Amino acid sequence: MPGLEPVTAVAPTRDDIEPVAHETVDRIVTGGAVVIPFLALGVAGWQVWGRALRPVDLVLFLALYVATALGVTVGYHRHFTHRSFKTTRAVRVILAVLGSAAVEGPVISWVADHRKHHAFSDREGDPHSPHVGHGAGWRGTLRGLLHAHLGWLFVHDQRGKRSRYAPDLLADRAIRFVDRTFLVWVVAGLALPFGLGYVTGGSLVEALTALLWGGAVRMLVLHHVTFSINSLCHTFGRRRFATTDESRNLAWLALPSMGEAWHNNHHAFPTSAAHGMRRWEIDPSALVIGALQATGLAWDVQRISRERQERRYPRPAGTS
Ligand SMILES: [Zn+2]
Ligand SMILES: [Zn+2]
């Protein structure tokens, strides 16, 4: 399983890269998914100003944000990519569906890209490193940040090849189905707030307002929080562990990212179910995995002992 062995690969080959059949269409769709929520945010701001916003809109925003974010963090990332815990087939499908509704791409492609990110972290071959090939000085730093945040979604020369990086998921019929029907889950994630807005408000205006907050604004915020893990968490923050990449822990991003911002911890121990490794390192995704375990829905949960952590400290134990 090449993607599960971090920093063992030497250099990317043709075999590592997923070819793209319709690059232009793909770029247009990606552009739409990025730009439309921004336009929607403008309308949202205007609405707040005009006091058109109803409490139900904020409830929908929060509920769908948390649900789809956990689909990505607990599902796409910690379970499917790194296998940090095992769970039932039903939970796997639910997590893949929720992650799909976050509109960050089909589950198998997301996993292939992310396993390749770990295999080549901040070296040539990393799909979204802010540090490779962007030049020196502040211009290079800015270019690198933009590429890692968003730019990489528009280039396809370093995507993880699905058959090489995610053969386990391609072999799973249920997950292949959710992957193939990605657009259905995207639409369902938008139809739900629209429908609930209509039911609770009784008119098309309320339905559209709910769609705006529970759909577009929710997507926008989660996108940029996820993108920030790739850009900010490889540039700013503290490094507790000696890793061969530039991953960092960024405390202020921990809550909105559901614990993913403890990114240096994560690169040091990719299979750990928890990314927060101290009591104060807030990690809602780890709490969810703990709850699944307590109810018997998760098992073989990977935890890293303090002794194992201390062996990876860059300085003598206790000083970081
Ligand atoms: Zn990373
Ligand atoms: Zn990861």
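Look above for the structure.
Residues numbered from 1 in each chain as written. Chains lettered and ligands numbered in written order. Predicted model: local features only at pLDDT ≥ 70, side-chain atom pairs only at ≥ 80, totals over all residues. Heavy atoms only, no water.

## What about the coordination of the zinc ion (ligand 1)?
Cut-off, in case you're wondering: Distances define the donors: N, O and S atoms within 2.8 Å of the metal qualify, as do those within 3.2 Å of Na, K or Ca. Water is excluded, so some sites may look unfinished. Each label reflects the angles at the metal, where four donors whose angles all fall between 85 and 135 degrees are tetrahedral, four or six donors whose opposite pairs open beyond 155 degrees and whose other angles stay between 65 and 115 are square planar or octahedral respectively, and the rest are irregular. Counting from the N terminus, the helices are DSSP H or I runs at least four residues long and the strands are E runs at least two residues long. Exposure classes here rest on a 1.4 Å probe applied to the protein chains alone. A residue is buried below 20% of its type maximum, exposed above 50%, and partly exposed in between.
For the zinc ion (ligand 1), every protein donor is listed as His-117 (NE2), His-234 (NE2), His-263 (NE2) and His-267 (NE2), and the spread of their distances is 2.0 to 2.1 Å. Of note is the zinc ion (ligand 1), whose four donor atoms meet at the metal with angles of 96 to 154 degrees in an arrangement that counts as irregular. Linear spacing of the donor residues for the zinc ion (ligand 1) on their chain is H-x116-H-x28-H-x3-H. Of this pair, His-234 sits in the loop between helix 10 (204–231) and helix 11 (263–268) while His-267 sits in helix 11, and the two are 33 residues apart along the sequence. Exposure remark for His-234: the relative accessible area of 0% places this residue in the buried category.

## Re a nonpolar patch on the surface
The cut-off we apply is this: Every patch collects residues that have over 30% relative accessible area and no salt bridge, joining them within 9 Å if they carry like charges and within 5 Å if they are nonpolar side chains (Val, Leu, Ile, Met, Phe, Trp, Tyr). Note on areas: Shrake-Rupley, 1.4 Å probe, and residue coverage restricted to the protein chains presented here. Salt bridge, as applied in this entry: a Lys or Arg side-chain nitrogen positioned within 4 Å of an Asp or Glu carboxyl oxygen.
Taken together, the side chains of Trp-138, Leu-142 and Leu-146 present a nonpolar region at the surface, about 380 Å² in accessible area. One can find Leu-142 in helix 5 (residues 137–149). On the basis of relative accessibility, which here comes to 46%, the residue Leu-142 falls in the partly exposed class.

## As for the packing of helix 2 (residues 55–81) against helix 4 (residues 107–119)
To keep it simple, the criterion reads: As a rule, the C-alpha atoms of each element are fitted with a line to give its axis, helices using only the stretch in contact, and angles between N-to-C directions run from 0 to 180 degrees. Definitions for this section: a left-handed crossing has its near helix turned counterclockwise from the far helix by less than a right angle. A right-handed crossing has that turn clockwise. We call two residues contacting when some pair of their heavy atoms lies within 4.5 Å. Each residue receives one of three labels: charged for Asp, Glu, Lys and Arg, nonpolar for Ala, Val, Leu, Ile, Met, Phe, Trp, Tyr, Cys and Pro, and polar for the others, Gly being one of them.
Contact pair helix 2 / helix 4: the axes reach a minimum separation of 10 Å and the direction vectors enclose 60 degrees. Between helix 2 and helix 4 lies a crossing of right-handed hand. For the pair helix 2 and helix 4, the contacting residues are Val-72, Tyr-76, His-77, Phe-80 and Thr-81 in the first and Val-107, Trp-110, Val-111, His-114, Arg-115 and His-118 in the second. In the contact of helix 2 with helix 4, the residues fall into six nonpolar, four polar and one charged.

## Some thoughts on the side chain of Arg-248
Worth spelling out the cut-off: Each polar contact in these results corresponds to two N or O atoms within 3.5 Å; when the atoms are within protein, one needs to be able to donate a hydrogen and the other to accept it, and residues that are neighboring in sequence are counted only if both atoms are side-chain atoms.
If you trace the backbone, Arg-248 turns up in the loop between helix 10 and helix 11. The buried category is assigned to Arg-248, whose relative accessible area is 18%. Engagement of the side chain of Arg-248 in a polar contact is seen with the backbone oxygen of Thr-235, the distance being 3.5 Å. Within the local environment of Arg-248, its side chain forms a polar contact with the backbone oxygen of Gly-237, the two atoms lying 3.4 Å apart.

## Observations regarding the nonpolar core
What counts here: We define a nonpolar core as any set of buried Ala, Val, Leu, Ile, Met, Phe, Trp, Tyr and Cys residues linked to one another through side-chain atoms lying within 4.5 Å.
Judged by nonpolar contacts, the single largest core of 36 residues is most densely connected at Phe-80, Phe-85, Val-107, Leu-169, Ile-175 and Leu-253. Residue assignment for this core shows that the elements contributing at least two residues are helix 2, helix 3 (89–101), helix 4, helix 8 (173–180), helix 10 and helix 12 (284–294). The element contributing the most residues to this core is helix 2, with seven residues. Once you skip the residues sitting within four places of it in the chain, Leu-253 turns out to touch Val-225, Ser-228, Ile-229, Cys-233 and Ala-261.

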